[in-house]
Amino acid sequence: MSDSHLTKYAHWILRLSASLCFIGHGAFGILGKKEWLAFFPPFGIPEASAAKLLPVVGGVDIFLGVVTLFLPLRSILLWMSCWGLFTAFLRPLIGLGIWEFLERAGNYGVPFSLLLFSTRFRHF
């Protein structure tokens, strides 16, 4: 297999992975995953407001995942990377420990890898 084929496959694996990660998490947001309500109080957002906001955040995640699947824009990949890193940092912030942050490396690492990949190989 040629390097160009491997590059193309790697691009699509990262693209699909980033998209599905955000679509899947967005679905949990729309469904109102109760465990995620704990991420809002550190920012002064009460649980009742968080319950209303969670589906909106989920909808944005799904939108970003779908856009990335069809048109992976660098600005969106940067946002996905930062958002994934931020939400991973929320785990230790609310007392879940550093391992919860480390386990979510794929949530920010995959879109960041795709961002670096897109900058290096100019596929977009």
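Everything below is about the structure printed above this text.
Residues numbered from 1 in each chain as written. Predicted model: local features only at pLDDT ≥ 70, side-chain atom pairs only at ≥ 80, totals over all residues. Heavy atoms only, no water.

Trainee: Help me understand the packing of helix α2 (residues 47-70) against helix α3 (residues 74-93) in this model?
Mentor: Each pair of packed helices gets described by two things: the angle between the helix axes and the distance between those axes. Across the interface, α2 lies against α3 with an axial gap of 10 Å and an inter-helix angle of 135 degrees. In terms of orientation, α2 and α3 fall into the oblique class. In this structure, the crossing between α2 and α3 has a hand that is left-handed. Judged by residue contacts, Val-57, Asp-61, Leu-64, Val-67 and Thr-68 of α2 engage Ile-76, Leu-77, Trp-79, Met-80 and Trp-83 from α3. Residues that form the contact of α2 with α3 fall into these classes: 8 nonpolar, 1 polar and 1 charged. (Axes fitted to C-alpha atoms, helices over the stretch in contact; angles between N-to-C directions. Helix = DSSP H or I, 4+ residues; strand = E, 2+ residues; numbered from the N terminus. Parallel < 35°, antiparallel > 145°, perpendicular 65-115°, else oblique. Left-handed = near helix turned anticlockwise from the far one by under 90°. Contact = heavy atoms within 4.5 Å. Nonpolar A, V, L, I, M, F, W, Y, C, P; charged D, E, K, R; others polar.)

Trainee: Where do I start with the nonpolar core in this structure?
Mentor: For soluble globular proteins, nonpolar side chains are generally found buried alongside one another. Within the largest apolar cluster, 13 residues are counted, with the highest numbers of intra-cluster contacts made by Leu-14, Ile-76, Leu-77 and Met-80. Every element with two or more residues in this core is listed here: α1 (3-31), α2, α3 and α5 (105-121). Ignoring sequence-local partners within four residues, the contact set of Leu-77 consists of Thr-68, Pro-72, Pro-111, Leu-114, Leu-115 and Ser-118. Counting 7 residues, the second-largest nonpolar core is a separate cluster that includes Trp-36, Leu-37, Phe-40 and Ala-50. (Core = buried A, V, L, I, M, F, W, Y, C linked by side-chain atoms within 4.5 Å. Buried < 20%, exposed > 50% of the residue type's maximum accessible area, 1.4 Å probe, protein only.)

Trainee: Explain the environment of Ala-10 to me, please; I cannot follow it from the model alone.
Mentor: Here Ala-10 shows up in helix α1. Along the backbone, Ala-10 and Leu-114 are 104 residues apart, and their C-alpha atoms lie at a distance of 9.1 Å.

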